[in-house]
Each structure stands twice: as structure tokens, then as C-alpha cells.
Amino acid sequence: MPASRLRLCRSLLFLPASNPRAIAKARELAADMVILDLEDAVKEEDKHAAREAAVAAVGEGFPGKLVAIRINAVGGAHFGRDIVAVRDSAAQFVVIPKVEHVEQLKDATRIAAKPLLAMIETAAGVLGAAAAAHACAGLIAGTNDLAADLGLPPGAGREGLAHGLQSVVVAARAAGIAAFDGVYNPLDDEAGLEAQCREGRGYGFDGKSLIHPSQIAAANRTFAPDEAEVEAALKLIAAATGGAERFEGRMIEAMHIAQAEAVLAKARR
């Protein structure tokens, strides 16, 4: 099932649905999920053509990848036509932008009949994330919009986003769903991207949303367990006999076994 694979996604690549060359190239890329965008990346005059292009593209398929379409905001001028088109398409997920309360997701679910990914992009969205998480398959932190909504100065870094980011993860985990970090804007700063990926993984995110193919490798590498993590997980599982017990100088129990199994599942992916 597509929803069960979400927690294994390391890289979510956003592409304008109005860019056929980028879409064609994406089929050969190593992103775990491709998200065809009808919202911010598409000019107003191109909305109709982008919608048709997105439906056609998902119909052709993206082998080995999960595929989603980000529609325009619930209640907006394009929402009705977007959600109906995505409902009738081969997309596996619908990405809902600017979610602030669970009612937005209920309206989308009723029409779309597909799993939803909710973007948390405002202060109100952060406060509503706990409720929204129980009505969708995953949360995506929309860090650019959130920073603007919070009034953070340009170049302020992510310190002012820390509470919002952790709130998204907490809401997702409480609901048992996936959580994905926001985008990294610079395109020629791999060291900075990798550092932000490590930070995001440290918050507990499953993977990262991306805006350019050049960012895929760093996200896949950073959000995947390294050899040391895999070896440690294998040793722990092999040594565990059930219940609380001592292992390499520390106490382990069922929770640690489950964590080790999750590491191996992501490594296999």
C-alpha cells in the first residue's frame, strides 16, 4: 500500500506541473516521491494547462516512486477543479497546502477519496497540526511560508522555526503518520543542505521536501541509516531475547527492538 511506504520516503521532489521537461527527467531520478505542483510553482494563467499535464503525467507513471499532486488551497478558485481532477487521476496522494484546521482535510477527503498529505505553513497550521494529523497520511512542514507568517527576518536561520518544526513531528507521531521537513532554498550549497538534512533527521522527520534534482542525493544519503547504524541494529536484534535486558552496557527492551527494525526497513528501501 502506498501509505505504508510513506515513512520510508527520504526525498520528496516538488516539480511544477507546467514543466514537461522536468517531469520527464524526474522518471529517471532517485527521489522516493515526486510531487507535481499546481499551486505556488504555477502562474495563474497556466493553472488549467498544468492540471491537465499533471493528470497525464501520473497516468504515464513514475516507476519505483510514489507520486502526488499538490492542488491549490481548499476554498480557493481552483480547488474544486483540482480536487476532482486528482480524484480521477492515477496519483497516489493529494498534497493540501496551507492547512490550518481539520475541516479543510475533511472536505478534501470527502471528494478526493485518496490519502492526503497536509502542508503546515502558518502559525495557525502549527496549532491545528495535532487535529489535522488524524485526518491525513502525512504532514509536510512548509518552512518558507511559516517563516514569513511568523515574521522571521530574511536569513534568520531556523532557530525561530524550532517550535513549529518539532510540533509537526510530535503531531505526526501522535497520529502514527509520516512527517517531512521543509525545503532548502540555496541550490549550490550541498554542505548547507546536508547540515539541514541532519538537523531535520535530528528533529525526527522521516525525510525532506526538495525543490531541485541536485538535492536528492544529499537527502537520500542523510535520511538513510549508515553502515554503523545498520550494524548496530542487526546486533541488537540478534542479541535480544525478550523483555528488559542488558546489551553492550545499556538496558534494552521491546521499544529498542522496534527502533532497530525500523532502521533496517529504511536501509532496505
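Details of the structure are given in the entry above.
Residues numbered from 1 in each chain as written. Predicted model: local features only at pLDDT ≥ 70, side-chain atom pairs only at ≥ 80, totals over all residues. Heavy atoms only, no water.

Within the secondary structure, Ala31 is located in the loop between helix H2 (20–26) and strand S2 (33–37). Remark: the alpha-carbon pair of Ala31 and Ser11, spanning 20 residues in sequence, is separated by 5.3 Å. Beyond its immediate chain neighbours, meaning those up to four positions away, Ala31 contacts Ser11, Leu13, Lys65 and Ile216. (Helix = DSSP H or I, 4+ residues; strand = E, 2+ residues; numbered from the N terminus. Contact = heavy atoms within 4.5 Å.)

So, about helix H9 (residues 190–203). With 14 residues, H9 extends 20 Å from end C-alpha to end C-alpha; this agrees with the ideal 20 Å at 1.5 Å per step. Those residues of H9 that sit buried are Gly192, Leu193, Gln196, Cys197, Gly200 and Tyr203. Looking straight down H9, one finds its buried side chains confined to an arc of 140°; they lie on one side. Away from its buried face, by an angle of more than 90 degrees, H9 presents the exposed residues Ala191 and Gly202. Its buried side turned inward, H9 meets helix H8 (162–175), strand S7 (178–181), strand S8 (207–210) and helix H10 (216–222). Phi turns positive one or two residues past the end of H9, at Gly204, with a value near 115°. (Expected span 1.5 Å × (residues − 1). Buried < 20%, exposed > 50% of the residue type's maximum accessible area, 1.4 Å probe, protein only. Arc of directions from axis to C-beta.)

We now examine the sheet that holds S2. Strand order in the closed barrel formed by eight strands is S1-S2-S3-S4-S5-S6-S7-S8, and the pairing between neighbours is parallel. Pairs of neighbouring strands in the sheet enclose a mean axial angle of 25°, with direction left out of account. By the bridge criterion, five bridges tie strand S1 (residues 11–16) to S2 in an arrangement that is parallel. Across the sheet, the residue bridging to Leu15 is Leu36, located in S2. Those strands touched by helix H3 (residues 47–60) are S2 and strand S3 (66–70), and its axis lies near 170° from that of S3. Docked against the sheet, helix H5 (residues 102–112) engages strand S4 (93–96) and strand S5 (116–120), running at close to 155° with respect to S5. (Pairing = 2+ DSSP bridges. Axes fitted to C-alpha atoms, helices over the stretch in contact; angles between N-to-C directions.)

Two elements in contact, helix H11 (residues 227–239) and helix H12 (residues 254–268), have axes separated by 9 Å at closest approach and are oriented at 135°. It follows that H11 is oblique to H12 by the angle criterion. Crossing angle aside, the handedness with which H11 passes H12 is left-handed. On H12, the residues touching Glu229, Val230, Ala233, Leu234, Leu236 and Ile237 of H11 are His256, Ile257, Ala260, Glu261, Val263, Leu264 and Ala267. (Parallel < 35°, antiparallel > 145°, perpendicular 65-115°, else oblique. Left-handed = near helix turned anticlockwise from the far one by under 90°.)

Time to look at the nonpolar core. Of all hydrophobic cores here, the largest spans 60 residues; its most connected members are Leu36, Ile69, Ile96, Leu139 and Phe205. It is H8 that provides the largest number of residues to this core, a total of five residues. In this structure, Leu139 is in contact with Ala118, Ile120, Ala129, Ala133, Val168, Ala171, Ala172, Ile177, Ala178, Ala179 and Phe180, ignoring residues within four places of it in sequence. Cys9, Leu12, Ala137 and Ile140 belong to the second-largest nonpolar core, a separate cluster that totals 16 residues. (Core = buried A, V, L, I, M, F, W, Y, C linked by side-chain atoms within 4.5 Å.)

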